[in-house]
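Overview (structure and organization)
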Amino acid sequence: MFFTNLKRNLHYVLALSVLAVACVVLFGWVIKSASVVQVRSDFAPMVVNTAISFFIISLSFLIQQGKFQKLSQYLSFSVGALATATLLQYLTGYDFGIDQFFGPAFYSIGVSSPGRMAISTAVCFLLLSLSDISIGSTYARRMTKVTASSLVLGFGFLGLLGYFLDFSSEYGWGNFSRMAIHTAVCFMLLATAQLWRVRINVRGEEDGRTATVPIYVVLIGVLVSVAIWQLLLLKDIERNRSVTLVRAEGFKIKLDGTFVPLEKALQHMARRMAAGAYADETMWRLDAKFYYEEFKGIRRLMWSDQKLVMRWLYPMDDFSKSIQNTSLGRSPEIAEALDAVRSSEEPRISRIFEMKSGGRGFGILVPVMQNHKFLGVVSAAIDLKSFVDRFARAEGYHIAILQNGEEVYRSFEWDPVLSRDWISKVHYNNLGVDWVISFTPTTGVIRQNTSSLPQMVLVFGVSITVLLGLALSFYNRATELGKRARAVAEWKSAAMDATPLMMVSMDENGIIREMNSSAEALTGWKSEEVAGKHMPSLMHDHQDLMLFRLRMESEMGKPLPEALDLIEAMFSKGYNEASDWVFVGRDGRRFEGALSLGRVVDEEGHVTGYLAVVEDVTQKRAKERQLKEQEKKIITSSRLASLGEMAAGIAHEINNPLTIINGHLSVLRRLLNNRGLASDMEVQKRMEVAESTTNRIAKIVKGLRSYARESDQGDKERVVVEAIVEDTLAFCADKFKGEGIELVSRLEPHLEVVVRPYQISQVLLNLLNNAADAVAGCAERRVVIEAAARNNGVEISVTDTGVGVPPFLKEKIMEPFFTTKEVGKGVGLGLSISQGIIQAHDGKFYLDDSSPKTRFVIWLPMQKQ
């Protein structure tokens, strides 16, 4: 349990450790404890800004997930701002006054600028703060955190490793003040905590261990890139050190090139002294003056006799006068060199010492020998700084000379951290001296000899690693989404197949994507066969579709050329909710369906597809039609029964007065004949009009009696077609005349059929009314009714001069409830009922396709009872 909790909260433990270290170092700054701030005297210190930054960034990490998340971002931002300001100081060379803002630095070793954090430390803080305040998608933030934390972990590890393996971990930064050892450890702890938190979050957000693979890939890739970067930098370090050693050897050669001529000049003076060439001091002074001016750095030349008493000196200044005729070996270093000269009879250079005339120097002593007899010493007192400075000012290098481990010369001051990491030492042995010469390159020389390849490799390696990590993340995400999509698709497919409803999925252009098994069973099409096709043109009758398009265009007031336009129009007019359609299967089988159409929209409200749900209502609608027909027949029978009773009553009431009128007209005609008025044309005309009118009334009464018998089906009877037509025309002749329609009757005489007359009259009356409506808006208004013997039967036709029936409607007009009339002017049952009546008489009822005009034909068998 303990280890489980530790594993779950490891990142908090690591962050708390960093917080504790920061507090300890800050306390060390308060009490000015070098052991706390620097750990060791030759280690770089953790500056106060670094300690404060660690305190803030670790605290930010601890409160990052919770209600203080905004505060955490502000804290991280403050650390990033401090790191950025420090980097700007390095880049611009300008001091913003932030390095010792919280107190003066009390140390002298370890940094190039007291109180300023190393450039690598500033970069690591900037990376950590950027990873905390990064914005963007979840994957972008995650990859930013992993990349930044991996870089910080790598840089921290290099900083720590540099102390143990004694290499400069700051070489690639363009600045060479080291990251403190406890700074490196804290960065490693914080980076590990950040990576551990990302790992926990990824495990919580995504399923499977593969979700963390991109994290490990980026971590390993970045660390490898940092390692390769450091290895390449070490190669640069070796090259820099090789160049420094070459310069150090060159410095030795320069020393030899100065000491050897000076030694020879002094030996020349010694030989002349031994040979007696200097008769007096004047001649000696001439040579001394020449050599004094020739060799810079000589403070004075001296000749000491056999007893080592300085007799001749040049230049003869006050100090020379004060030491003239005194012993040469007053200092231990000179005395030691004199002993070596007398014993070896060879020139010697004394150890460096503090000269009484001021400054550090050394002496070159050359014995004056004659036949191995010691006659004295010719010596030169050399001012060390003046002597070495003239060739020790090697551009870009710090030079120091050490004697017996003690520094006796320095060309100029330099950063001790640079000296620790970059110093190269050579030994110089000549004329008895044993010097250690140290060479340290300046940062400018180091940069000059540094290749850009390591930085390019680091950037390239990190970039490739991040891209690989992103690719793996997207691959894992795509795999996971693919699994979820397949699961959703399987659930959707199962749900779609489980329903008895026909379901068709379409894209945003109305093109079929897929359909369920119920749709396949109803249409006979396979889902893969219809994919990529338009649903309306594939599953609907072309004539139905054209008629519906015309209707929608009329309602919308604009053309709808595309299938998508028609679909959107359906939504506009409410036809997307349970509208009845006739569907056509693959084998041509028709079935009726209640179509419900829905839009599929994305998060932004854009239509991405449509879903059509169709319920097979063929049987339901058939039953409904059957019920409606039965109901209509009942209503019609009831109405006809009432009409029959009323017609019979009316016929009776009219017929009696009509009989009296006819009788009186007959009596009146006889009276007129008897009185000789029959020849009066005016009277005759009036009598004919009266008789014609009474005959017309008689025909109407006869027609009423026929309709009065509709409630009683009764048996068929043999009738003359001409009589049926004339009875029918009696009902509508005045209507045609009033509307200006020419009614033409062309009937063959003596055509007999066995029918129920009133039903045939009903069919003819329906056709005549339809024809009258068809020619109402035409210039030529004519309706022709014809009867003739055809094919062992009688053919009665009604033809009008209207615009005709569109081809795509010809197969629909006989269907129940189909009408092209406006609402309230028809219910679409006339032709359907007429067809039923004629078929009940074993006849045929159809629209003549061969006629250029609209011509409906009734064919009835002849003499069949």
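Look up: the structure comes first, before these words.
Residues numbered from 1 in each chain as written. Predicted model: local features only at pLDDT ≥ 70, side-chain atom pairs only at ≥ 80, totals over all residues. Heavy atoms only, no water.

This part takes up the pattern of salt bridges. The final tally for this structure, using the stated rule, is 20 salt bridges. Across the pair glutamate 281 and arginine 285 runs a salt bridge, and its minimum N-O distance is 2.7 Å. On the criterion of helical spacing, the pair formed by glutamate 281 and arginine 285 is a turn pair, its members being four residues apart in helix H10 (residues 281-294). Exposure remark for glutamate 281: the relative accessible area of 24% places this residue in the partly exposed category. Look at arginine 285 and you get partly exposed, because its relative accessible area is 22%. We note a salt bridge from arginine 599 to glutamate 568, for which the minimum N-O separation is 2.7 Å. Placement of arginine 599 in strand S14 (residues 590-601) and of glutamate 568 in helix H21 (residues 563-573) is noted, with a sequence separation of 31 residues between them. Judged by relative accessible area, which is 38%, arginine 599 ranks as partly exposed. The class of glutamate 568 is partly exposed, set by a relative accessible area of 26%. One network of salt bridges, with partners in common, ties together Arg790, Glu795, Asp848 and Arg855. (Salt bridge = Lys/Arg side-chain N within 4 Å of Asp/Glu carboxyl O. Helix = DSSP H or I, 4+ residues; strand = E, 2+ residues; numbered from the N terminus. Buried < 20%, exposed > 50% of the residue type's maximum accessible area, 1.4 Å probe, protein only.)

Here we come to the sheet that holds strand S8 (residues 406-410). Overall, antiparallel pairing links the four strands, which are arranged S8-S7-S10-S9 in an open sheet. This sheet does not close on itself; its edge strands, each paired only once, are S8 and strand S9 (424-430). Strand-to-strand, the axes of this sheet are offset by a mean angle of 30°, without reference to chain direction. Across the sheet, helix H13 (residues 384-392) lies against strand S7 (397-403) and S8, angled at about 60° from S8, the strand it touches most. (Pairing = 2+ DSSP bridges. Axes fitted to C-alpha atoms, helices over the stretch in contact; angles between N-to-C directions. Contact = heavy atoms within 4.5 Å.)

A cluster of nonpolar side chains, Leu88, Leu91, Tyr94 and Phe96, forms an exposed patch at the surface whose accessible area comes to about 450 Å². Overall, tyrosine 94 belongs to the exposed group, its relative accessible area being 53%. (Patch = residues over 30% accessible without salt bridge, like charges linked within 9 Å, V, L, I, M, F, W, Y side chains within 5 Å. Areas by Shrake-Rupley, 256 points an atom, 1.4 Å probe, with all protein chains shown as cover.)

Moving on, we come to the packing of aromatic side chains. Describing an aromatic ring pair means giving the distance of the ring centres and the angle of the ring planes. All told, the structure shown has 21 aromatic pairs when counted by the stated rule. When the centroid spacing of 5.6 Å and the interplanar angle of 85° are considered together, the rings of tyrosine 292 and tyrosine 314 count as edge-to-face. Pair noted here: tyrosine 292 is in helix H10 and tyrosine 314 is in strand S2 (residues 310-314), with a separation of 22 residues, a long-range link. By the ring-pair criterion, three or more aromatic residues cluster together here, those being Phe259, Phe362, Phe387, Tyr428 and Trp435. Lying across the ring of phenylalanine 61, arginine 197 places its NZ or CZ 3.9 Å from the centre. When the ring centre of phenylalanine 374 is taken as reference, the NZ or CZ atom of arginine 342 above it lies at 4.8 Å. (Phe/Tyr/Trp six-rings, centres within 6.5 Å; stacked < 30°, edge-to-face > 60°. Lys NZ or Arg CZ within 6 Å of the ring centre and 35° of its normal.)

Contact geometry of helix H6 (residues 119-133) with helix H7 (residues 138-165) gives a least axis separation of 9 Å together with a crossing angle of 160°. When the interaxial angle is binned, H6 and H7 end up roughly antiparallel. Here H6 and H7 pass one another in a crossing that is left-handed. Contacts between H6 and H7 involve Cys124, Leu127, Leu128, Ser131 and Asp132 from the former and Thr144, Lys145, Ala148, Leu151, Val152 and Phe155 from the latter. Of the residues in the contact of H6 with H7, the class split is seven nonpolar, two polar and two charged. (Parallel < 35°, antiparallel > 145°, perpendicular 65-115°, else oblique. Left-handed = near helix turned anticlockwise from the far one by under 90°. Nonpolar A, V, L, I, M, F, W, Y, C, P; charged D, E, K, R; others polar.)

Moving on, we come to H6. Look at H6: 21 Å from first C-alpha to last across 15 residues, which is about the 21 Å you get at 1.5 Å a residue. Counting buried positions over the 15 residues of H6 gives 12, a clear majority of the element. (Expected span 1.5 Å × (residues − 1).)

The next point concerns the sheet that holds strand S22 (residues 854-861). Within the open sheet, the five strands sit side by side as S17-S19-S20-S22-S21. Their pairing is mixed. Edge positions in the open sheet fall to strand S17 (742-747) and strand S21 (844-847), since each of these has one partner strand only. For this sheet, the mean inter-axis angle between neighbouring strands, taken without regard to orientation, is 15°. Across the sheet, helix H24 (residues 721-738) lies against S17, strand S19 (782-790) and strand S20 (793-800), angled at about 175° from S17, the strand it touches most. Sheet strands in contact with helix H25 (residues 757-774) are S17, S19, S20, S21 and S22, and its direction is about 25° off that of S20.

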